[in-house]
Amino acid sequence: MHASQSARSRAAWSLLALLGLIVLQLANPARSLADSNPNNYKCLGHLSKGAPEDGSSDQQVQYVIACNGPITGYQLQSQIPLSGFDSAPLVTNLLGKPITTDSFSCNGDFPGHAFNCVGNAAKPFETITGQFSIEQSLCVEPRVDPQLTVTFASSAKNIVTQAISGPFDLGRPHGCRAWDKRHRKAHSHGTGKTHPHSTKKTKQVKKAKSHAKARK
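All values derive from a computational prediction rather than experimental measurement. (Residues numbered from 1 in each chain as written. Predicted model: local features only at pLDDT ≥ 70, side-chain atom pairs only at ≥ 80, totals over all residues. Heavy atoms only, no water.)

Asks: So what exactly am I meant to see when it comes to the pattern of salt bridges here?
Replies: A side chain with one charge may pair with a side chain of the opposite charge, provided their charged atoms come close. Going through the model one piece at a time under the given rule, you end up with two salt bridges. Between E141 and R143 there is a salt bridge, with the nearest N and O atoms lying 3.2 Å from each other. Both residues of the pair, E141 and R143, count as buried. The shortest N-O distance in the salt bridge between E141 and R172 comes to 2.8 Å. A residue pair is termed long-range when its members are at least 10 positions apart, and E141 in the loop between β8 (127–134) and β9 (147–156) and R172 in the loop between β10 (159–169) and α2 (181–186) qualify at 31 residues. On the basis of relative accessible area, E141 is assigned to the buried category, the value being 14%. The network of salt bridges with shared partners includes E141, R143 and R172. (Salt bridge = Lys/Arg side-chain N within 4 Å of Asp/Glu carboxyl O. Buried < 20%, exposed > 50% of the residue type's maximum accessible area, 1.4 Å probe, protein only. Helix = DSSP H or I, 4+ residues; strand = E, 2+ residues; numbered from the N terminus.)

See the structure below:
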């Protein structure tokens, strides 16, 4: 899979990611924007419709993530099965330009519910853009809602130190209606009618009104 996106679009989403992290930091102004403790990172991201994949009819989902510190790995874990994923996501700076010295390689089993990526995003707020695929439409309920966990590993005097932050909820996909009518139908027991408890309540209200009129 290949995550293709214009430089302008990548820059826009990178800026939004940075603004989101700034908002998170405003709640605690005593701390710097970038976090030196990789166990306390703040990460965020979003999902949207991905670029079509040649030879695949599955729904492609694009993810964009950013953290306020350098990372050396991450995992995306989904509540619905994944049918594939991008093995080489794109790393860009805040201007949307690719960082050729930083990259990630992803692996995992599919169909499955998660995949892991290892590599390097050396500076805070570098944006990682990739794709994965699912076998259902993007906006069908239950919508895909993956959790992001990030890791950081460093070595000093032959001692390896590892840290982990998350999970962070990437949220429901952008570009979908707030509530899918098919999900609403499922909540009415698949009949397409009002929930029976709602109907019963409506009848009781009408009955109470008719008794009130009779007393008058």
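We are not done yet, so read on.
Asks: Help me out: how do you make sense of the nonpolar core in this one?
Replies: Generally speaking, soluble globular proteins have nonpolar side chains that are buried together. Core analysis: the largest hydrophobic core is formed by 31 residues, its most contacted members being Y63, I71, Y74, F115, F132, L148 and V150. Where this core is concerned, the elements lending two or more residues are β1 (43–49), β2 (59–67), β3 (71–82), β6 (104–107), β7 (112–121), β8 and β9. (Core = buried A, V, L, I, M, F, W, Y, C linked by side-chain atoms within 4.5 Å.)

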